[in-house]
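Chain and residue survey
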Amino acid sequence: MRAPLSPAWARSVGPLVLADLRHRYAGSVLGGLWSALGPLVEVAAYAVVFGLVMRPRTTQDGLTYALFIASGILPWSSLREGLESSASTLPDNRWIRRSRVPMELLVARQVLVSAVRGACGLLLVLAAAFAAGEAAGATGLFWPLAGLILQTAAVFGLGLIVAPLATLYPDLRPALATGLTALTFASPIVYPESLLSGTVRAALEWNPFTHFLRLYRFPLAAPSGGPVAELAMAAATTMGLLAIGLAMRDRLWWAARDRL
Amino acid sequence: MVGGAGPAVTAAAAITVQGVGKRYAPAGPGRDLWALRDVTFDVARGGALAVVGENGSGKSTLLDLLMGVTRASEGRLEVTGAVASLLELGAGFFVELSGRENAVQMGLLSGLTRAQARALATAAEEFAELGEFFERPVRTYSAGMVMRLGFAIAASLEAPVVLVDEVLAVGDGYFQRKCIDRLRQMRAAGATLVVASHDLHALKGLCDRALWLRQGRPVALGPAEDVIGRYEEHLRLKAAEGPGLAPGRRGTGEVAIRSVRLKGAEGRERTEFRSGETLRVEVDFEARRPLDSPVMGVAIFREDGVYCCGPNTRHDASLRGTYDGRYRLIAEFDELPLLGGGYEVSVSFYDKDHVYAYAWDHRLYPFRVVMEPPQHGLVSLRHRFHVSRIGDAGAA
């Protein structure tokens, strides 16, 4: 059994992530702006529809609402992209079957690439909120950053299971995409929790992403004290997913390898 | 020894394989497929095993098992020491990284320190001879360049066990030779090799033992010359039933075949001979650089591809020496024993170990043999009949 974080592949992942980010928009005029443009359009669409057209029953104005959505959509898109690209990374890199490159390296690369994009997006949104006077001071940044690190580790753990399973069961890829779309609306991403009834809010406590969202939005809400309970829930989720991923990856990977 | 209880494993074995089998479950309904079964052999430290067999015979599966990228479904398999391998074109390469970055990555993944990995990249750069492409993303490489990079990295890792699958064939003649020479050097330095290839000449020169697989089962295991010879014979018989290696011009180009003339005993060039006549094959060739004792050969094929004979100068001490410049080789076949029909001549020049071809004109020079009265078969063997009475039937 390999060590959980074998330094051999961990040392390799950095250059791969950089190369991936560099290569992704190589030759395009707008370059890295494309990675911001997609989520920005999405945020703008939600802000227009829910903030202006439908006028939610909140006191938030258009800008506040746009920042609110963006702070949820960007990390969520990163999670989604990390999982979906993990699901396709083995079939996309069939050569791995006959190489010593560990599956962890491919999954870690995909997850980190999407995490870097998510982190850049979230930091920009929080900076914009700070500039517009909608966010608390820089010390509040600790919570979203901790959330992002935990989310990345959690997606990595889940990716270690999803990657071989999607190879063994090709139906998993479309099922995952559909499931994640459903989860977009089952998480308080585009609507504030304050709009929900007590029962629904209680149910949301069982959705792990809710706790991550609260960490990301902590600077926007600007309350006193820190969301320690949310951090603990997010950390527990991450530990659980990492433990399951690391425990199952060997067995699943050997089975998937023969299918590639 | 193949199959059964297996050989007594020597203390110096670098690779031990006992009763190994690999089964693949089908993706849909259907029976399990045994890609490999009942394979037993060992390779001594510093030994070299050739793995031969037709496509789908299990060669790649065996190498995958040795490298540890798939697990055996049954049997026992042990490889002592670090393994470097070249199993599949581009395996382990990240196409967005440059050749150098990939070499460093491979080094890190093989457990080297960053400084060692950088040294590995420098060694690979020197061997691969990719020029400025070494700094460009691998996605811009041709298949031959990917092979160069892969081999250069695998060779530079200096692992005690080296596995090479049929990837050398992708390279150009010059680089193929360079690879074979490098594998020889590695072996001389004590490395253990397992090489799967369809280049049987190269395997004979490189390996001391050979394993022949067919449909996942071992057919023969033993000295490379014997086993590969038997496999070649099998291929020849098969070629007689179907199309063999297509006629054409091959080789690394260090020898240029200038002209090939077929002549009779009287010295006149012609394309028709009577059975039993003398056939003289005159080959004008040029060694483009000084070559040490090249092996020169002339072979005759029947027009349907059946290999009739192919003598060469490998064991002819009188023709050894350095060849540089223009020469004329004459091969004389006295009393041509061929039956009536169409034939083709192949001419080849190999290196002194008969591993790679400097020049090889395969079945490019046709001629006809006429025979009256016609006979059936392949050759006309000198023969006599005797009939004598051996007593009344039933009297014994």
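Residues numbered from 1 in each chain as written. Chains lettered and ligands numbered in written order. Predicted model: local features only at pLDDT ≥ 70, side-chain atom pairs only at ≥ 80, totals over all residues. Heavy atoms only, no water.

Here we look at the confidence of the model for chain B
Residues and elements named next belong to chain B. Chain-level pLDDT for chain B is 87 on average; 93% of the residues reach the 70-or-more range. The least confident element of chain B, judged by mean pLDDT, is helix α7 (residues 224-241) at 80; the most confident is strand β3 (residues 48-52) at 95. When the criterion is pLDDT under 50, residues 1-11 qualifies, and its contacts beyond four places in sequence or with other chains add up to 19 contacts. Among the prediction metrics, the complex's ipTM stands at 0.81, with pTM recorded as 0.73. (pLDDT = per-residue confidence, 0-100. Helix = DSSP H or I, 4+ residues; strand = E, 2+ residues; numbered from the N terminus. Contact = heavy atoms within 4.5 Å.)

Considering the confidence of the model for chain A
If pLDDT is low for a region, its predicted coordinates should not be looked at in detail. Looking at chain A as a whole, the pLDDT averages 84, with 90% of positions reaching at least 70. Across residues 1-5 of chain A the pLDDT falls below 50, and counting only partners more than four positions away or on other chains, this stretch makes twelve contacts in the model.

Some details on the interface of chain A and chain B
Tallying the contact residues gives 24 residues for chain A and 32 residues for chain B. Both sides of the chain A and chain B interface together cover about 2500 Å² of buried area, and 51% of this is carbon and sulfur. Our enumeration of links across chain A and chain B arrives at five salt bridges. Measuring nitrogen to oxygen at the nearest pair gives 2.8 Å for the salt bridge that ties A:Arg98 to B:Asp64. Among the elements of the structure, α1 (7-24), α4 (103-131) and α10 (228-257) of chain A are those that each provide at least two residues to the side of chain A that touches chain B. Element by element, the count of residues in the side of chain A that touches chain B is highest for α1(A), at ten residues. (Buried area = accessible area lost by both parts, 1.4 Å probe. Salt bridge = Lys/Arg side-chain N within 4 Å of Asp/Glu carboxyl O.)

Observations regarding the pairing of β3(B)
Residues and elements named next belong to chain B. Within β3, five of the five residues are buried, leaving the element largely enclosed by the surrounding structure. Burial along β3 is two-sided: the face carrying Ala-48, Ala-50 and Val-52 and the face carrying Leu-49 and Val-51 are both buried. Of the strand pairs in this sheet, β3 and strand β7 (residues 192-196) are connected by four bridges, and their pairing is parallel. Paired with Leu-49 across the two strands is Val-194, which belongs to β7. Here β3 runs beside strand β8 (residues 209-214); their pairing, made up of four bridges, is parallel. By the bridge assignment for β8, Val-52 is matched with Trp-212. (Buried < 20%, exposed > 50% of the residue type's maximum accessible area, 1.4 Å probe, protein only. Pairing = 2+ DSSP bridges.)

Considering the packing of aromatic side chains
Enumeration according to the criterion identifies 17 aromatic pairs over all chains in this entry. A centroid spacing of 6.0 Å and a plane angle of 65° characterise the contact between A:Trp143 and A:Phe218, whose relative ring orientation is edge-to-face. One end of the pair, A:Trp143, is in helix α5 (residues 142-168); the other, A:Phe218, is in helix α9 (residues 218-221), and 75 residues separate them in sequence. Considered together, A:Trp143 and A:Phe218 belong to a single accessibility category, that of buried residues. Ring plane angle 20° and centroid distance 5.6 Å describe the contact between B:Phe285 and B:Tyr327, whose orientation is recorded as stacked. (Phe/Tyr/Trp six-rings, centres within 6.5 Å; stacked < 30°, edge-to-face > 60°.)

Quick look at the domain arrangement of chain B
All names here are of chain B. Segmenting chain B into domains produces domain 1 (13-239) and domain 2 (250-370). A separation of 34 Å is found between the C-alpha centroids of domain 1 and domain 2. On the side of domain 2, 13 residues touch domain 1, which itself brings 13 residues to the contact. In this structure, the connection of domain 1 to domain 2 is made through two salt bridges. The shortest N-O distance in the salt bridge between Arg-314 and Glu-225 comes to 3.9 Å. On the surface where domain 1 and domain 2 come into contact, there are two residue pairs in polar contact (both at pLDDT 80 or more). Of all the secondary-structure elements, those providing two or more residues to the side of domain 1 that touches domain 2 are α5 (173-188), α6 (200-206) and α7. Looking at which element gives the most residues to the side of domain 1 that touches domain 2, the answer is α5, with six residues. Per-class residue counts for the side of domain 1 that touches domain 2 are four nonpolar, three polar and six charged. (Domains from an automatic or database assignment. Polar contact = N/O pair within 3.5 Å; in protein donor to acceptor, adjacent residues only side chain to side chain. Nonpolar A, V, L, I, M, F, W, Y, C, P; charged D, E, K, R; others polar.)

Some details on a nonpolar patch on the surface
A cluster of nonpolar side chains, A:Val29, A:Leu30, A:Leu33, A:Trp34, A:Leu37 and A:Val41, forms an exposed patch at the surface whose accessible area comes to about 620 Å². Looking at the element boundaries, A:Trp34 is found in helix α2 (residues 33-53). (Patch = residues over 30% accessible without salt bridge, like charges linked within 9 Å, V, L, I, M, F, W, Y side chains within 5 Å. Areas by Shrake-Rupley, 256 points an atom, 1.4 Å probe, with all protein chains shown as cover.)

Comments concerning α5(A)
In an α-helix, one full turn covers 3.6 residues, which means residues spaced three or four apart are oriented alike. Residue and element names in this part refer to chain A. Over its 27 residues, α5 runs 39 Å from end to end, which matches the ideal 39 Å to within 8%, given 1.5 Å per residue. At Gly-159, α5 shows its largest bend, some 30°. A large share of α5 lies buried, amounting to 21 of its 27 residues. (Expected span 1.5 Å × (residues − 1). Bend = angle between axes of the 7 residues up to and from the residue.)

A closer look at the sheet that holds strand β9 (residues 217-223) of chain B
Residues and elements named next belong to chain B. Taken in spatial order, the six strands line up as β5-β6-β7-β3-β8-β9 in an open sheet, and their pairing is mixed. The open sheet is flanked by β5 (83-86) and β9, the only strands paired with a single partner. Strand after strand, the sheet turns through a mean of 15° between neighbouring axes, direction not considered. Where strand β6 (residues 161-164) lies against β7, four bridges are found, and the strand directions are parallel. The residue bridging Val-161 from the neighbouring strand is Thr-192, located in β7. Sheet contacts for α5: β3, β6 and β7; angle to β6, the most-contacted strand, approximately 155°. (Axes fitted to C-alpha atoms, helices over the stretch in contact; angles between N-to-C directions.)

Focus on helix α6 (residues 172-186) of chain A
Residues and elements named next belong to chain A. Compared with the 21 Å implied by 1.5 Å per residue over 15 residues, the 20 Å span of α6 between its first and last C-alpha is a close match. For α6, every residue scored as buried is listed here: Leu-176, Leu-180 and Thr-184. Down the axis, α6 shows its buried residues gathered within 80° of arc, on one side only. (Arc of directions from axis to C-beta.)

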